[in-house]
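# Descriptive analysis of the structure
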Amino acid sequence: MKHYMIKRIIWLVPIMFVVSIFSFMLMYLSPGDPVEIFLSKGGDVPAPAAVEAMKERLGLNEPIWKQYTTWITNIMHGDFGSSITSGRPVLSEILKYFPNTLRLTFMSIGLTLLISIPLGILAAVKENKATDNLIRVVSFINSAMPGFFVALILIYIFSVKLRLLPTISTGNASGIILPTLALTICLSASYVRQVRAAIIKEMGEEYIRMARARGIREQSILLGSALKRTMPAILTIAGINIGHLLGGTAIIEIVCTYPGVGRQAVRAIADRDYPMVQGYVLLMAVIFVVVNLIVDVLHAHADPLVKRRILIENRRSRRTQA
Amino acid sequence: MKRKRFNSPETRFAFWSIVVLLLLVFAAAGPLFMRHDPLEVNLAQVNMPPCGEYLLGTDYIGRCILCRLIRGAARSIYSALIVVALTFVIGTFIGTLSGFFGGPLDTLLMRLVDSFQAFPSMVFTIAVAGMLGIGTKNCIIAMTVIGWTGYARLARSQVLSVKERTFVSAARVSGCSTPQILLRTILPNSLSPLVVSASMHIGSAILSFAGLSFLGLGTAPPFPEWGAMLNEGRQRLQIAPWAVMFPGLAILLVVMIMGMFGDSIK
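Summary of the structure given here. Note that the structure is predicted; figures quoted are calculated from it, not measured. For every chain, the first residue of its written sequence is number 1, and the numbers climb from 1 along that sequence. As they are written, the chains are lettered A onward and the ligands numbered 1 onward, keeping that order. Selection of residues for local features in this predicted model requires a pLDDT of at least 70, selection of side-chain atom pairs for listing and counting requires 80 or more, and totals for whole chains, interfaces and linings are taken over all residues. Only hydrogens and water are set aside when side-chain values are computed; all heavy atoms of the structure are taken into account.

### A few points about the overall build of chain B
In this text, helices come from DSSP runs of H or I with a minimum length of four residues, and strands from runs of E with a minimum of two, each type numbered from the N-terminal end. Within chain B, the secondary structure is distributed over nine helices and zero strands. Based on the C-alpha atoms only, the size of chain B along its principal axes is roughly 75 × 50 × 30 Å. The buried share of chain B, taken over its 266 residues, is 52%. We call two residues in contact when some of their heavy atoms are within 4.5 Å. Contacts in chain B between residues far apart in sequence, at least 24 positions, make up 71% of those at least 6 positions apart. The charge count includes Lys and Arg as positive and Asp and Glu as negative, but it does not include His or the ends of the chains. Just so you know, the charge point we use is NZ for Lys, CZ for Arg, CG for Asp and CD for Glu. A gap of 8 Å separates the mean positions of the 21 positive and 11 negative side-chain charges of chain B. Using a 1.4 Å probe on the protein chains alone, a residue whose accessible area is under 20% of its type maximum counts as buried, one over 50% counts as exposed, and one in between counts as partly exposed.

Now the structure itself:
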């Protein structure tokens, strides 16, 4: 296991290197000169002297590789540069909104698990009966719904019609309800399907037949054995989703005017705030990769089959090396 | 789908292929049969609820929502199809090369795939599309740049297993050149899971494309792309909910049809 973890962590180094280059190069994707675009946002053509001065100040007259090394060295020291629009450090700007996104992510994933595990089990137990079909049809429709449409329907029902919740959220207790619900509805469909499929597969296994033959109650077989065996897989999916959601679900955050990092990032993109965009993309990639690593390691720990496979692979690779 | 005569996989596939085909024809030819101009502003009839003249109502500047939906259908659906086709071709190409030649090329390409997959996909798509600038073409480019990796992985693993089969050695022994073996022997035999995966992706591509337009990164207004229509409508959710509901339902319906189609191929 330790060998596996170390190998995974060492692999991260070249990947993060490429990732940082991608993040840095984002600025050069935009057609035209970034500084000119930024300065001419008011509509007038900027003075050449002003463009030159700003380029000089941002170090944009240096060759690209030099700009990159300066940028990455600064980041190693925790300095992601300053936002062009607000002038504040990129890192503190992102960290200001990150707790909101963190809260939204964990509430949504928690609620999703809370709803979809029982529904998935129910569908599996009632396989091919009316309840199962109903759950399947609903989750199929659900999976075809765009997230922003779900969010807008929720706003229409709870804020416009029932006037229960504010349309504009400020990150406080009531403001988080709508985005959480919207994300939960979007996520649940695939979870229900996964739980259902996993439980059905598990219930067909030999050891379940044995347990039944030994007269163990159906309920404890279902919850004690089958669910326990499927949990690692479900939690792995949850982990991957956490990685995605931490990047900010820009669309839901914007629809619900929730102050998260995704909404901030889209604003930065619209403003052509390059240091913000670069820093944001790089940070989110780092978080995503680290979360995925943790998920993989935990999964390997929880699932004896995966653990065995890794051990066998390690032994094989060591043998080929020798 | 539950009716008895649709139960065999072949008829189900035939049925959903026809539905998808009809949808594509309708999206392309629909604008020929519109009663109103989808771009025509009519300030005398703003925010009208669905009625006889405007079957799905009008939006905040009096444009016919039904006509706008019909006009936008082609953009929303075909853009997603282009993305799926491009990612499929690029991913399959790279994955096949990687799996077939192996060695340092394989390592290099697969590390590249790893690096692309190190980004949360939506974050990267939004960033690339945003940096390239507003426009349908740029959204397609951004989604393609992010999307090909899955196909590359799948194609590589397929080719790795097909490569070892006897008929490949047979082709080699009978004097086929490497490109011939790749194109005539290996590729046709590794394609089917890739096609299934591509058909399953059409729906999610439509959703992502609509999402980018919704954020204002896709098709520029006043062109009636569905995601953009939802974005325009949401400001007036209180007075004209139909301007949000119908584009949303249109996306939902099309994605469901594509989902059924993908399922029937499987």
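Back to the write-up after that little detour.
### Quick word on the overall build of chain A
Within chain A, the secondary structure is distributed over 14 helices and zero strands. Along the three orthogonal principal directions, the C-alpha set of chain A runs to about 85 × 70 × 30 Å. Going through the 322 residues of chain A one by one, you find that 46% of them count as buried. If the 34 positive side-chain charges of chain A are averaged to one point and the 20 negative ones to another, these points end up 13 Å apart.

### Focus on the layout of surface pockets
Residue and element names in this part refer to chain A. Grid points spaced at 1 Å and placed over the protein atoms alone form the basis of the search, with a cavity being a set where a 1.4 Å probe fits but cannot get out and a pocket an open set showing protein on both sides within 12 Å along at least five of seven lines. Lining residues have an atom within 4 Å of a point. Grid points are joined across faces, edges and corners, and a volume is the space filled by probe spheres set on the points. By volume, the second largest pocket amounts to about 630 Å³. Taken together, 26 residues make up the lining of the second largest pocket; nearest its centre are L58, G59, W71, G81 and P275. Residue assignment for the lining of the second largest pocket shows that the elements contributing at least two residues are α2 (34-39), α3 (48-58), α4 (64-76) and α13 (274-302). Per element, the largest residue contribution to the lining of the second largest pocket is five residues, and it comes from α4. When residues are sorted by character, Ala, Val, Leu, Ile, Met, Phe, Trp, Tyr, Cys and Pro go into the nonpolar class, Asp, Glu, Lys and Arg into the charged class, and all the rest, Gly among them, into the polar class. Residues that form the lining of the second largest pocket fall into these classes: 13 nonpolar, nine polar and four charged.

### Some thoughts on the packing of aromatic side chains
Given two aromatic rings, one states the distance between the centres and the angle between the planes to describe the pair. When the centres of two rings from Phe, Tyr and Trp lie within 6.5 Å, Trp using its six-membered ring, the rings pair. Their planes under 30 degrees apart give stacked, over 60 give edge-to-face, and anything left gives tilted. Tallied over the entire structure, the rule returns 15 aromatic pairs over all chains. With 6.4 Å between their ring centres and 75 degrees between their planes, F17 of chain A and Y68 of chain A make a pair best called edge-to-face. Pair noted here: F17 of chain A is in helix α1 (residues 2-25) and Y68 of chain A is in helix α4, with a separation of 51 residues, a long-range link. Among the residues examined, F17 of chain A registers a relative accessible area of 47% and is labelled partly exposed. Residue classification places Y68 of chain A among the buried positions, given a relative accessible area of 11%. On the numbers, 4.1 Å between centres and 10 degrees between planes, the contact of F119 of chain B with F124 of chain B is stacked. With respect to class, F119 of chain B is no different from F124 of chain B; both count as buried. In textbook terms, an aromatic cluster arises when at least three aromatic residues are bridged by ring pairs, as seen for F22 of chain A together with F116, F119, F124 and W148 of chain B. The ring centre of W11 of chain A lies 3.9 Å from the NZ or CZ of R111 of chain B, which sits over that ring. Counting as a charge over the ring demands two things of the Lys NZ or Arg CZ atom: a distance within 6 Å of the ring centre and an angle within 35 degrees of the ring normal.

### Overview of helix α9 (residues 242-265) of chain B
To estimate how far a helix should reach, multiply one less than its number of residues by 1.5 Å. Under the 1.5 Å per step criterion, the end-to-end length of α9 of chain B is 34 Å for 24 residues, consistent within 8% with the ideal 34 Å. When you tally the buried positions in α9 of chain B, you get 17 out of 24 residues, the bulk of the element.

### Details of the nonpolar core
In this structure, I199 and V281 of chain A together with I77, W226 and I251 of chain B are the most contacted members of the largest nonpolar core, which totals 152 residues. Once you skip the residues sitting within four places of it in the chain, I199 of chain A turns out to touch I121, A124, L222, A226, L227 and T230 of chain A. If you look at the next biggest cluster of nonpolar residues, it comprises eight residues, including F100, V168, A171 and I181 of chain B. Here the nonpolar core consists of buried residues drawn from Ala, Val, Leu, Ile, Met, Phe, Trp, Tyr and Cys, with membership extended through side-chain atoms lying within 4.5 Å.

### A look at the interface of chain B and chain A
Taken together, the 40 residues of chain B in the interface contact 41 residues of chain A. For the pair chain B and chain A, the summed buried surface comes to about 3700 Å²; carbon and sulfur atoms form 83% of the total. One speaks of a salt bridge when a side-chain nitrogen belonging to Lys or Arg is within 4 Å of a carboxyl oxygen belonging to Asp or Glu. Applying the counting rule to chain B against chain A returns zero salt bridges. Contacts described as polar in this section are N or O atom pairs within 3.5 Å, which, within protein, must combine one atom able to donate a hydrogen with one able to accept it, while residues neighboring in sequence count only if both atoms come from side chains. Taken together, the connections running from chain B to chain A amount to two residue pairs in polar contact (both at pLDDT 80 or more). Mapped onto the side of chain B that touches chain A, the elements with two or more residues apiece are α3 (103-117), α4 (121-132), α7 (178-214), α8 (226-234) and α9 of chain B. Residues of the side of chain B that touches chain A, tallied by class, amount to 28 nonpolar, nine polar and three charged. In this description, buried area is defined as the sum, over both parts, of the accessible area (probe of 1.4 Å) that is lost when the two are combined.

### Thoughts on the packing of helix α5 (residues 136-163) of chain B against α7 of chain B
Residues and elements named next belong to chain B. Comment: axis = line fitted to C-alpha atoms, over the contacting stretch for helices; angle = value between 0 and 180 degrees taken between N-to-C directions. Running from N to C, α5 and α7 point in directions that differ by 155 degrees, and their axes come no closer than 10 Å. Relative to α7, α5 is oriented roughly antiparallel. For the crossing formed where α5 meets α7, the hand is right-handed. Only I186, N189, S190, P193, L194, S197, A198, H201, A205, S208, F209 and L212 of α7 make contact with α5, whose side of the interface consists of T136, C139, I140, M143, Y151, L154, A155, Q158, V159, V162 and K163. Split into classes, the residues belonging to the contact of α5 with α7 amount to 15 nonpolar, seven polar and one charged. Reported orientations rely on four angle classes, namely roughly parallel under 35 degrees, roughly antiparallel over 145, roughly perpendicular from 65 to 115, and oblique for the rest. In this scheme the crossing of two helices becomes right-handed for a clockwise turn of the near helix relative to the far one and left-handed for an anticlockwise turn of less than a right angle.

### Here we look at the packing of helix α1 (residues 9-29) of chain B against helix α2 (residues 65-101) of chain B
Residue and element names in this part refer to chain B. Interhelical geometry of α1 versus α2 gives an angle of 125 degrees and a closest axis separation of 7 Å. Taken together, α1 and α2 sit at an angle that is classed as oblique. Between α1 and α2 lies a crossing whose hand is left-handed. In contact with L23, L24, V25, F26, A27 and A28 of α1, α2 contributes I70, A73, A74, I77, Y78 and L81. Taken together, the residues of the contact of α1 with α2 sort by class into twelve nonpolar, no polar and no charged.

### Thoughts on unusual backbone geometry
Backbone geometry at T257 of chain A places phi at a positive 40 degrees, although glycine is not the residue there. Looking at the secondary structure, you find T257 of chain A in the loop between α11 (250-255) and α12 (261-270).

### A few points about the pattern of salt bridges
Residue and element names in this part refer to chain A. If you walk through the whole model with that rule in mind, you get eleven salt bridges over all chains. In this structure, R229 engages E202 in a salt bridge whose closest nitrogen and oxygen atoms are separated by 3.5 Å. With R229 in helix α10 (residues 218-246) and E202 in helix α8 (residues 177-203), this residue pair connects regions lying 27 residues apart in the sequence. Taken together, the shared-partner salt bridges connect D132, R136 and R196 into one network.

### Topic: a nonpolar patch on the surface
Where nonpolar side chains cluster on the molecular surface, the patch consists of L114, I115, L119 and L122 of chain A and spans about 340 Å² of accessible area. One can find L114 of chain A in helix α5 (residues 90-125). Within the patch definition used here, like charges are joined within 9 Å and nonpolar side chains (Val, Leu, Ile, Met, Phe, Trp, Tyr) within 5 Å, considering only residues with over 30% relative accessible area and no salt bridge. With residues, only the protein chains shown are counted as cover, and all accessible areas are computed by Shrake-Rupley using a 1.4 Å probe.

### Quick look at empty space enclosed by the protein
All names here are of chain B. One pass over the full model with this rule turns up four cavities of 30 Å³ or more. Forming the walls of the largest cavity are D59, Y60, R63, I65, R68, M229, E232, G233 and A243. Going through the elements one at a time, α2 and α8 are the ones with two or more residues in the lining of the largest cavity. Top contributing element to the lining of the largest cavity by residue count: α8, with three residues. A per-class count over the lining of the largest cavity returns four nonpolar, one polar and four charged.

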